[in-house]
Amino acid sequence: MEEIQQILLEKNVPCTMRDGTVLYSNIYRPNKEGKYPVLLTRLPYNKDLPMFSHRYLDTNRLVENGYIVIVQDVRGRFASEGEFYPFLYESEDGYDTVEWAARLPYSTGEVGMFGLSYYGFTQLLAAAERPPHLKAIVPAMTLSDWWSDSVERDGKFLVGSSETWALESIAPDQIKRKYKDPKQYATMMTKLVEHYNKIEDWYLYKPMENWPPLKELGVADFFDDYVNNRLNKEHKERISIRNKYENINTPAYHIAGWYDNFLQSTVRNYTELAKRGNSSLQKLIIGPWGHGVFHSTLGERSFGMDASSDWIDQKGDLTDLHIHWFDALLKGRTSSLMKEAPIKLFVMGINKWRDEYEWPLARTTYTPFYLHSEGSANTRFGDGRLSVREPEKEANDTFLYNPENPVPSTGGSNLYAGVNTMGPRDQREIETREDVLVYTSEPLTEPLEVTGTIKVKLWAKTDAVDTDFTAKLIDVMPDGKAYNLTDGIVRAVYRNGDKREETVKDEIIEYEIDLWATSNVFLPGHCIRVEISSSNFPRFDMNLNTGKTMINSVAERKASQTIYHEEGYPSHILLPVIG
């Protein structure tokens, strides 16, 4: 460790962008003569609040180890000038800020970036511009495309997270900036609090294009743009790196969580960058974590002390990981981290870390587990079964999906205000609903590891012109507790991606439901379970079964759903089994 005993703080240091807009930063640096590398983070959540920039890192330790830490308010937020629009200006502003930081008189010119979620993506957008002095980044739990990762996924609007983020994270500062009169400001903040306290009721409001909380407050205009799909092609390209991966040559250590709402995009960022450049300079760690939550416990489960970010694989914490990464790439120091396998995974069930060398794992055996029943798989008390035996002649399962009573999101890879929103949660109450089909294996006699991407192939029919089908993978304990591992959804008319297909009424159609990924050992005595239904709300907007959506319609109808599992229609979950 550097012999740094004191830290200097400079507040609201100006940085002028290429268009003349001034952004402001707090700078923490060693109180010691010399020049030091810079570690920069750019965020919209107030640079003065340690709970955001420091919540998973000890930035004092970064300074004590010989770094300058800069925390900047992005354009249009808190101290910084300009108009805020999510991610629209972060590429150019990121480039300009990196180069400004490199020129500071106490900087060595070597710059790294760190941050989580929004301020994970500001790193990648900056890296895509190739600022000459950006040498390494650590993007944690972040996006690859704001629109398709955070707003709408193949025609399904992410209700809970979108409304929560706009109202909770963005609206307060915009109210302060807009309403200068103290009485008017107090009135608007009182309204915001009242709306936020009832946000679980507001999730149900439709049409969402007229969502009252933001309409009444007169802020977060971008919400109107994305619920009404007003973003043009150029705009969407500016808030994505999927078309820019080839431009990114910056070494990156990607941090992900099995229960993070950005798991899929974080893994995509790693795999795409690893195959395009020097794979030894792209690394990935996935823990049993939720968004910004790095504890040993999540939801209703404990994964042991090794799961905590304070004690990763008994080698140190996340701050140590950052220090070792930046020491190697910004200071040229020898670090054992650079010689480690590129991927570190936490395997749930056995609760152990393991090093891997590729994703997906080369030794994977993709194994179908088929749905079976005598026609009564409704609820966990029904006759739904799951096995590797292929179906022959079997009765179909049916249920009635009612948009007025959607299946509530209970745990999972979620990020929105409410109770029971994140992580592993006991699903048994959900499984008493008649609109949830439950298929359960026999208790296992040997451990079975499932690590990788999960997909469900489902043959189904609906009497609606459009509808949704959902799937969930569950680990059932010997005492009956049923903990969710991962889940997914498909909208019928978008079953082939973001291109709208023809109506689907009264046709047997093969659907593929992407459940993202997990790593779990089903232990002896445990059962593998799959749930099938038609809603997961408010994680996703409820399908109204009319061909229109919650965004611009109120009318809805019930839909009769039929699930097939027989010869010719072998509905199954495809599990990545590791031998």
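None of the values given here were measured: they were computed from a predicted structure.

Caption draft 1: Structural view of the overall build of the protein chain. Along the backbone of the protein chain there are 13 helices and 26 strands. Over its C-alpha trace the protein chain gives a radius of gyration of 24 Å, about what one expects of a compact globule, namely 25 Å for 579 residues. Seen through its principal axes, the protein chain has C-alpha atoms that stretch 80 × 55 × 40 Å. Within the protein chain, buried positions represent 62% of all 579 residues. Taking all contacts inside the protein chain whose residues are at least 6 apart in sequence as the whole, residues at least 24 apart take part in 75%.

Caption draft 2: How the structure looks around the nonpolar core. In terms of nonpolar packing, the biggest core is built from 169 residues, with Trp146, Phe222, Tyr226, Trp258, Ile532, Ile563 and Ile573 touching the most fellow members. For this core, the element with the most residues is helix H13 (residues 318-330), which contributes eight residues. The residues touching Phe222, leaving out its near neighbours within four places in the chain, are Phe84, Tyr85, Pro86, Trp146, Trp165, Ala166 and Ile170.

Caption draft 3: The sheet that holds strand S13 (residues 343-347), seen in detail. Spatially, the ten strands line up as an open sheet ordered S1-S2-S4-S3-S5-S6-S9-S10-S13-S14, and their pairing is mixed. Each edge of the sheet is formed by a strand with only one pairing partner; in this case those strands are strand S1 (7-16) and strand S14 (352-356). Taken over all neighbouring pairs, the strand axes of this sheet differ in orientation by 20° on average, direction set aside. Sheet contacts for helix H12 (residues 263-276): strand S9 (252-259), strand S10 (282-290) and S13; angle to S9, the most-contacted strand, approximately 145°.

Caption draft 4: Fine view of the side chain of Ser162. Relative to the helices and strands, Ser162 resides in helix H6 (residues 159-178). Here the side chain of Ser162 touches Ser150 through a polar contact of 3.3 Å, landing on its backbone oxygen. Excluding its chain neighbours within four sequence positions, the residues that come into contact with Ser162 are Ser150, Val151, Phe157, Phe223 and Tyr226.

Caption draft 5: Structural context of the UniProt feature "domain: Xaa-Pro dipeptidyl-peptidase C-terminal" (unreviewed entry) in the protein chain. Per the UniProt annotation, the sites labelled "domain: Xaa-Pro dipeptidyl-peptidase C-terminal" (unreviewed entry) are residues 323-574. Measuring from the first to the last C-alpha atom of residues 323-574 gives 39 Å, for a span that is 3% helix and 39% strand.

Caption draft 6: Structural view of the packing of helix H3 (residues 90-103) against helix H4 (residues 118-127). Here H3 crosses H4 at 75°, and the two axes come no closer than 8 Å. One finds that H3 runs roughly perpendicular with respect to H4. Facing H3, whose interface residues are Glu90, Ser91, Gly94 and Tyr95, H4 presents Tyr118, Thr122, Leu125 and Ala126. For the contact of H3 with H4, the residue count by class is four nonpolar, three polar and one charged.

Caption draft 7: How the structure looks around the packing of aromatic side chains. One pass over the full model with this rule turns up 27 aromatic pairs. Relative to Trp353, the ring of Trp289 lies with its centre 5.8 Å away and its plane at 55°, an arrangement referred to as tilted. Of this pair, Trp289 sits in strand S10 while Trp353 sits in strand S14; the two residues are 64 residues apart in sequence, bridging distant segments of the chain. Judged by its relative accessible area of 0%, Trp289 falls in the buried class. We classify Trp353 as buried; its relative accessible area is 10%. For the ring pair Phe346 and Trp353, a centre distance of 5.2 Å and an interplane angle of 80° mean the geometry is edge-to-face. Neither Phe346 nor Trp353 differs from the other in exposure class; each is buried. Lying over the aromatic face of Trp516, Arg539 brings its terminal NZ or CZ to 5.3 Å of the ring centre.

Analysis parameters
- Residues numbered from 1 in each chain as written.
- Predicted model: local features only at pLDDT ≥ 70, side-chain atom pairs only at ≥ 80, totals over all residues.
- Heavy atoms only, no water.
- Helix = DSSP H or I, 4+ residues; strand = E, 2+ residues; numbered from the N terminus.
- Rg over C-alpha atoms; globule rule 2.2 N^0.38 Å.
- Buried < 20%, exposed > 50% of the residue type's maximum accessible area, 1.4 Å probe, protein only.
- Contact = heavy atoms within 4.5 Å.
- Core = buried A, V, L, I, M, F, W, Y, C linked by side-chain atoms within 4.5 Å.
- Pairing = 2+ DSSP bridges.
- Axes fitted to C-alpha atoms, helices over the stretch in contact; angles between N-to-C directions.
- Polar contact = N/O pair within 3.5 Å; in protein donor to acceptor, adjacent residues only side chain to side chain.
- UniProt positions renumbered as here; feature names shortened; annotations may be inferred.
- Parallel < 35°, antiparallel > 145°, perpendicular 65-115°, else oblique.
- Nonpolar A, V, L, I, M, F, W, Y, C, P; charged D, E, K, R; others polar.
- Phe/Tyr/Trp six-rings, centres within 6.5 Å; stacked < 30°, edge-to-face > 60°.
- Lys NZ or Arg CZ within 6 Å of the ring centre and 35° of its normal.

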